[in-house]
Amino acid sequence: MPLVPKAIKNLRPYSPGKPIEEVQRELGLDRVVKLASNENPWGPSPMAIKAVSGALGGLHRYPDMLARDLRSALAARFDLKMENVVVGSGSEGIMANIMRTFLCDEDEILTAENTFVGFMVLANGSGQKITLVPRGADYRYDLEGMSSELSEYTKIIYLANPDNPTGTIFTRKEFDAFMKRVPSRCLVIYDEAYIEFAADDARFPDSMSYRYDNVITLRTFSKAYGLAGLRIGYGFAHEDLIANLMKVKLPFEPSVLAQIAGRAALEDQDFLRRTLEGTLAGRKTLQSGLVNAGFEVLPGSTNFLAVKAPSAETAAEICQNLLLRGVIVRPLTAFGFPELFRVTIGTEEENTFFLEALKAT
Ligand SMILES: Cc1ncc(COP(=O)(O)O)c(C=O)c1O
């Protein structure tokens, strides 16, 4: 028996966007703008900052294992019981717990090709069989195609809506038809990390308006609430699913500060409103700037846009030239789309800086 299991030995680790300091140091640039990791460009929620500052003196104590304050606040906001809510170290932390809790023996995983790379790292690391269903020509999930790939061993289905890295969505109608074909023994992870940015789209199927006992909805404080650095995400599901997840999660995750920040950010409706207004306005500016510059932009319902270059070589060249001018965007080659790059919506100033750099490339 080898020391390292095959699935781990062959695993390609997650590779994050380049940090600002690294690019500054390597290229000797004064100004570097990072539009690579879909973070909130307006900083963290001010109410969360205040709450965290006030809690620092209590760091010698372990957190509430059941995260009752935060879970009750989320339950109240979404009209549920606390028993329907789980919180974790980012929504990815909850995803990891779902894999540990529900996968065993011959269980298989089903998802779309080239979907959220964080999930793919977990899926590949699990050592279970994975079926990846190709997308349509419009880069969207092919839910009908996915339903045809269901097998008697399918246990976990992963759907990101909106999807990362493409930003595309599947519609209510498509989701309804899909769920009719999913047996109740399959667990659907419905990842809504970007839901706040898509909520104004009537075609978007907010998973909370459905009642399926085999769907777990995942959301995060990392994007619209600006708390990516603290690692705090949440999920909603039937209480039996949540009870089993609670058995498996690390006893004291999320941390004291993450729980407190999440609780405060949830109340910070003013920050949320400003984030959404700024993102939607910035999305329009970038969309038209990119189209005017001759690019095809995938319809995006998130805080980022996926941009299509004429070829894989051009996409790589553009990303490199932008980097030399101090703009970090995300080439999508490693995500399986060499002809695309992804740009996060920034502040007004950052968006202008990006469009000017793009013109100069
Ligand atoms: C689709 C999707 N799900 C989940 C996450 C991870 O969120 P968190 O920071 O809550 O782990 C991301 C982050 O980029 C994402 O794009």
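Residues numbered from 1 in each chain as written. Predicted model: local features only at pLDDT ≥ 70, side-chain atom pairs only at ≥ 80, totals over all residues. Heavy atoms only, no water.

### Some details on the domain arrangement of the protein
Counted only if it meets this: Start and end points for every domain follow an automatic or database-based domain assignment. Accessible area, probed at 1.4 Å, shrinks when two parts are joined; the buried area is that loss added up over both. We define a salt bridge as a side-chain nitrogen of Lys or Arg found within 4 Å of a carboxyl oxygen belonging to Asp or Glu. In the analysis that follows, any N or O atom pair within 3.5 Å is treated as a polar contact, provided that within protein one partner can donate a hydrogen and the other can accept it, and provided that, for residues neighboring in sequence, both atoms belong to side chains. Secondary structure counts use DSSP, requiring at least four H or I residues in a row for a helix and at least two E residues in a row for a strand, with both numbered from the N terminus. Put simply, Ala, Val, Leu, Ile, Met, Phe, Trp, Tyr, Cys and Pro go in the nonpolar bin, Asp, Glu, Lys and Arg in the charged bin, and everything else, Gly too, in the polar bin.
Along its sequence, the protein is carved into domain 1 (6-43 + 270-360) and domain 2 (46-268). One C-alpha centre belongs to domain 1, the other to domain 2; they are set 24 Å apart. Taken together, the two surfaces of domain 1 and domain 2 that pack against each other cover about 2600 Å², and 65% of this comes from carbon and sulfur. Counting every contact that joins domain 1 to domain 2 gives zero salt bridges. Counting every contact that joins domain 1 to domain 2 gives 12 residue pairs in polar contact (both at pLDDT 80 or more). If you list the elements that add at least two residues to the side of domain 1 that touches domain 2, you get helix H1 (6-9), helix H12 (269-292), strand S10 (304-308) and strand S13 (340-344). Here the side of domain 1 that touches domain 2 gets nine residues from one element, more than from any other, and that element is H12. Looking at side-chain class alone, the side of domain 1 that touches domain 2 contains 16 nonpolar, 11 polar and seven charged residues.

### Here we look at the side chain of threonine 220
Rules: Should any heavy atoms of two residues lie within 4.5 Å, those residues are considered in contact.
Within the element layout of this structure, threonine 220 appears in strand S7 (residues 215-220). Within the structure, the side chain of threonine 220 is placed 2.9 Å from the backbone nitrogen of serine 222, a separation counted as a polar contact. In this structure, threonine 220 is in contact with Ser91, Ala193, Glu196, Tyr225, Ile232, Gly233 and Tyr234, ignoring residues within four places of it in sequence.

### Remarks on the nonpolar core
How we decide: Only buried residues count toward a nonpolar core. Its members are Ala, Val, Leu, Ile, Met, Phe, Trp, Tyr and Cys residues joined through side-chain atoms within 4.5 Å. Here the term buried applies to any residue with accessible area under 20% of the maximum for its type, exposed to any over 50%, and partly exposed to those in between, with areas from a 1.4 Å probe on protein chains only.
Judged by nonpolar contacts, the single largest core of 41 residues is most densely connected at Ile98, Phe119, Met146, Ile156 and Leu159. With near-sequence residues (within four places) excluded, phenylalanine 119 lies in contact with Met95, Met99, Ile109, Thr111, Ile156, Tyr158 and Ile189. Counting residues in each nonpolar core, the second largest holds 29 residues, with Ala75, Phe221, Leu227 and Phe236 among its members.

### Remarks on the packing of aromatic side chains
Worth spelling out the cut-off: Whether two aromatic rings pair depends on their centres lying within 6.5 Å, for rings of Phe, Tyr and Trp, where Trp uses its six-membered ring; planes under 30 degrees apart make the pair stacked, over 60 edge-to-face, and the rest tilted. Whether a charge sits over a ring comes down to the Lys NZ or Arg CZ being within 6 Å of the ring centre and within 35 degrees of the ring normal.
The full count for this structure, using the stated rule, is 17 aromatic pairs. Each ring, one from phenylalanine 170 and one from tyrosine 190, has its centre 5.8 Å from the other, and the planes form 70°; the classification is edge-to-face. Of this pair, phenylalanine 170 sits in the loop between strand S5 (154-160) and helix H8 (172-181) while tyrosine 190 sits in strand S6 (residues 187-191); the two residues are 20 residues apart in sequence, bridging distant segments of the chain. Across this residue pair, the class does not change: phenylalanine 170 and tyrosine 190 are buried. With relative accessibility at 0%, the residue tyrosine 190 sits in the buried group. Grouping aromatic residues by their ring pairs yields a cluster made of Tyr141, Phe170, Phe175, Tyr190, Tyr210 and Tyr212. Here arginine 31 stacks its cationic end above the ring of phenylalanine 353, 4.4 Å away from the centre of that ring. Over the face of the ring belonging to phenylalanine 304 we find arginine 342, whose NZ or CZ atom lies 5.5 Å from the ring centre.

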